[in-house]
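# Commentary on secondary and tertiary structure
Residue-level listing of the chains:
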Amino acid sequence: EDSWDLFYLPIDVLSKRNWGQCIINFRTDSRARDFAVHFHGQRLRTYAASEPLAVRPATVQGREAAFAQFAREDETRVHRWQS
């Protein structure tokens, strides 16, 4: 099923662990709502996370807008690293 077109899970390269958040871009509002209803407040049994999952809309909406945001953030990180 093609209910989403973007899944982004940032990883800390030093610890080789995720940042504790991910971004999923759903193709329809109804799929996003279904996901939120199902997962918001749930706990992942295989992980020792102390907090339940918090599902909320991203500040940037849409696949292309998300890619543009990622590119801006990466450029900022590179500039800080080079300074």
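Above this text sits the structure in question.
Scope of this entry: the structure provided in the associated data block. Along each chain, the written sequence defines residue order, and numbers are assigned to residues from 1. Note on the predicted model: pLDDT of at least 70 is required for a residue's local features to be given, and 80 or more for side-chain atom pairs to be given and counted; whole-chain, interface and lining totals, by contrast, use all residues. Computation of side-chain values covers all heavy atoms of the structure but excludes hydrogens and water.

A few words now on the overall build of the chain. Only DSSP runs of H or I reaching four residues or more are called helices, and only runs of E reaching two or more are called strands; each is numbered from the N terminus. Within the chain, the regular secondary structure consists of two helices and four strands. Along the chain, helices and strands appear, N-terminal first, in the series β-β-β-β-α-α. Three exposure classes are used, based on accessible area relative to the maximum for each residue type with a 1.4 Å probe and protein chains only: buried under 20%, partly exposed in between, and exposed over 50%. Counting over 83 residues, the chain shows a buried share of 8%. Residue contacts are counted whenever heavy atoms from the two residues lie within 4.5 Å of one another. Here the analysis covers contacts within the chain between residues at least 6 apart in sequence; of these, 23% occur between residues at least 24 apart. Surface accessibility follows the Shrake-Rupley procedure with a 1.4 Å probe radius. Residue values consider only the protein chains on display as shielding. When the accessible surface of the chain is summed, it comes to about 7,500 Å², and 53% of that surface belongs to carbon and sulfur atoms.

Position of serine 3 among the secondary structure elements: in the segment before strand E1 (4-8). Filtering out sequence-adjacent residues up to four positions away, serine 3 remains in contact with Phe26, Arg27 and Arg31.

We count a salt bridge whenever a side-chain nitrogen from Lys or Arg sits within 4 Å of a carboxyl oxygen from Asp or Glu. Per the stated rule, a full pass over the model turns up one salt bridge. Note that arginine 63 and glutamate 64 form a salt bridge whose closest N and O atoms lie 3.4 Å from each other. Classification of arginine 63 as partly exposed rests on a relative accessible area of 32%.

Here the phi dihedral of lysine 16 falls at roughly 60°; this positive angle occurs in a residue that is not glycine. Following the sequence through the fold, lysine 16 ends up in the loop between strand E2 (11-12) and strand E3 (17-18). Residue class for lysine 16 comes out exposed when judged on its relative accessible area of 71%.

On to the side chain of asparagine 25. Residue placement: asparagine 25 occurs in strand E4 (residues 23-26). Given the relative accessible area of 13%, asparagine 25 is considered buried. Those residues in contact with asparagine 25, other than ones at most four positions away along the chain, are Trp4, Asp5, Leu6, Gly62 and Arg63.

This paragraph deals with the packing of aromatic side chains. The way to describe two aromatic rings as a pair is by their centre distance and the angle between their planes. A pair of aromatic rings is counted whenever rings of Phe, Tyr or Trp (Trp by its six-membered ring) have centres within 6.5 Å, and the orientation is called stacked for planes under 30 degrees apart, edge-to-face for over 60 and tilted otherwise. Counting across every chain of the model gives five aromatic pairs. Taken together, a centroid distance of 4.6 Å and an interplanar angle of 35° make the contact between phenylalanine 35 and phenylalanine 39 tilted. Taken together, the residues phenylalanine 35 and phenylalanine 39, both in helix H1 (residues 29-39) and four residues apart, mark about one turn of the helix. Note on phenylalanine 67 and phenylalanine 70: the rings are 6.4 Å apart at their centroids and 75° apart in plane angle, and the pair reads as edge-to-face.

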